[in-house]
Amino acid sequence: MACDRRTLLLAGALSWALAAAPTVAQDAKTPIAVIGGGNIGGTIGGLWVKAGHPVMFASRHPEDLKPLVETLGPLAKAGTVEQALAFGDAVLIAVPYRAYPELGKTYGSLLKGKVVLDAGNATKARDGDLAAEAESAGIGATSAKYLPGARLVRAFNAANYKLFAQNAHRSGPAMAVPIAGDDKQALGVASTLVRDAGFEPVVVGGLDAARTFQMGSPGFGHDATAQDARKAFGVTE
Ligand SMILES: NC(=O)c1ccc[n+]([C@@H]2O[C@H](COP(=O)([O-])OP(=O)(O)OC[C@H]3O[C@@H](n4cnc5c(N)ncnc54)[C@H](OP(=O)(O)O)[C@@H]3O)[C@@H](O)[C@H]2O)c1
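What comes next concerns the included structure. Each chain has its residues counted from 1, running along the sequence as written. Given that this is a predicted model, residues contribute local features only at a pLDDT of at least 70 and side-chain atom pairs are listed and counted only at 80 or more, while totals for whole chains, interfaces and linings are drawn from all residues.

Brief notes about the overall build of the chain
Within the chain one finds 11 helices and eight strands. Every one of the 237 residues in the chain was classed for burial, and the buried ones make up 47%. The contacts in the chain between residues at least 6 apart in sequence include a share of 73% that link residues at least 24 apart. The helix count covers DSSP runs of H or I at least four residues long, the strand count covers runs of E at least two residues long, and both are numbered beginning at the N terminus. Three exposure classes are used, based on other C-beta atoms lying within 10 Å of a residue's own C-beta, which is placed from the backbone: buried for 20 or more, exposed for 12 or fewer, and partly exposed in between. The contact criterion used is a C-beta to C-beta distance within 7 Å, with each C-beta placed from the backbone.

Section: the nonpolar core
Formed by 77 residues in total, the largest nonpolar core has its most connected members in Ile35, Phe57, Val91, Leu92, Leu117, Ile179 and Ala190. When neighbours within four sequence positions are excluded, Ala190 is seen to be in contact with Val115, Leu117, Val153, Ala155, Ile179, Gly181 and Pro201. Think of a nonpolar core as buried Ala, Val, Leu, Ile, Met, Phe, Trp, Tyr and Cys residues, each tied to the set through C-beta atoms within 7 Å.

Quick word on the site of the ligand
Residues in contact with the ligand amount to 24 residues; listed here are only the nearest, Gly36, Gly38, Ser59, Arg60 and Asn121. Examining the composition of the shell around the ligand, we find that three residues originate from one element, helix α2 (residues 39-50), more than from any other. For this scheme, ten residues count as nonpolar: Ala, Val, Leu, Ile, Met, Phe, Trp, Tyr, Cys and Pro. Four count as charged, namely Asp, Glu, Lys and Arg, and the remainder, Gly too, count as polar. When the residues that make up the shell around the ligand are grouped by side-chain class, the tally is 11 nonpolar, 11 polar and two charged. Whether a residue is near a molecule or strand depends on its C-beta atom, placed from the backbone, lying within 6 Å of it.

A few points about the pairing of strand β1 (residues 32-35)
What you see with β1 is no split at all: Ile32 and Val34 on one side and Ala33 and Ile35 on the other are buried throughout. Read as a crossover between parallel neighbours, the route from β1 over α2 to strand β2 (residues 55-58) is right-handed. Pairs of strands are assigned from DSSP output, requiring at least two bridges between the strands. Here β1 runs beside strand β4 (residues 90-93); their pairing, made up of four bridges, is parallel. Residue pairing across strands places Ile35 opposite Ile93, the latter belonging to β4. Handedness of a crossover is defined as follows: orient the strands so they point away from the viewer, and if the path from the first strand over the helix to the second runs clockwise, the crossover is right-handed.

Some remarks on the pairing of strand β6 (residues 151-154)
Here β6 shows a buried face lined by Arg151 and Val153 and a second buried face lined by Leu152 and Arg154. Pairing of strand β5 (residues 115-118) with β6, which is carried by four bridges, proceeds in the parallel orientation. Residue pairing for β6: Asp118 is matched across the bridge by Arg154. With two bridges connecting them, β6 and strand β7 (residues 176-181) associate as antiparallel partners. Paired with Val153 across the strands is Gly181, a residue of β7.

Observations concerning the sheet that holds strand β8 (residues 200-205)
Sheets are built from strands paired through backbone hydrogen bonds, the pairs being either parallel or antiparallel. If you trace the eight strands from one edge of the open sheet to the other, you get β3-β2-β1-β4-β5-β6-β7-β8, paired in mixed fashion. The sheet terminates laterally at β3 (76-79) and β8, the two strands that pair on one side only. Going from strand to strand, the sheet's axes swing by 25° on average, the running direction of each strand aside. The sheet strands contacting helix α11 (residues 226-233) are β7 and β8, and the helix crosses β8 at an angle near 10°. Lines are fitted to the C-alpha atoms to define the axes, a helix being fitted only along its stretch in contact, and any angle between axes, read from their N-to-C directions, falls within 0 to 180 degrees.

A short note on the environment of Gln166
Turning to its location among the elements, Gln166 is positioned in helix α9 (residues 161-167). The class for Gln166 is partly exposed, based on 16 C-beta atoms found within 10 Å. The spacing of Gln166 and Asp223 is 57 residues in sequence and 9.7 Å in space, taken between C-alpha atoms.

Notes on the environment of Asp129
Relative to the helices and strands, Asp129 is located in helix α7 (residues 129-137). A count of 10 C-beta atoms within 10 Å places Asp129 in the exposed class. Along the sequence, Asp129 and Arg98 sit 31 residues apart, while their C-alpha atoms lie 8.9 Å from each other.

Structure follows, in structure tokens:
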């Protein structure tokens, strides 16, 4: 089963990341819905579980997520997308970008008003015309079009999951995670969740600024410190 290979790879990356993550007592940590329990969802969601967040992972086949949640322990659950969106006060979207239009149509009412961390990247090979749309309109505007009403923050899209797994809670200055969004309060929630996962958030700007770290841009694919990332993105605050 394809899922077994993916689970094994993910378990390897996760054990690396989780070994470095400090165990934190659970004190009213935000419950999180992770939509997509693959490479990026499994990695970042796993780091949140380790930080004490209750996390429900969802996909079209939640039964395939059983090995992942069993590895992560009692704070991790698997469910349908509907169950996860009802469970989470914050949401990480970690599905192939081609699923966005349908996701927005089917679950729009549940996503409305939710803080949504959007990790998706659009590639031509996998996502077809959506990649061209994201390139011309900007990935932030494209996500906002397909997920209307969600309080979107672009986050965790700008590096390979292995880079996140290797650098979470690293010693020395933390790895920067560029984030962008139009909703200040949502940016605050996202910043806390980025820190809880073991990184330092760098707010690059509003949703439109997500262009500067979308796939194929110079801001993509780094494990820089926050100081270096602020300089590279021209962030002065
Ligand atoms: N891989 C990376 O290093 C990385 C880094 C940053 C950002 N990203 C972005 O993150 C997203 C996910 O990438 P990934 O590599 O983690 O993919 P992946 O390993 O293939 O995992 C995708 C997950 O999404 C689920 N899924 C797919 N379609 C769905 C739908 N319509 N509704 C609900 N769940 C669905 C899949 O399960 P089912 O098929 O069983 O539903 C699976 O759990 C992509 O947009 C990618 O560009 C990836």
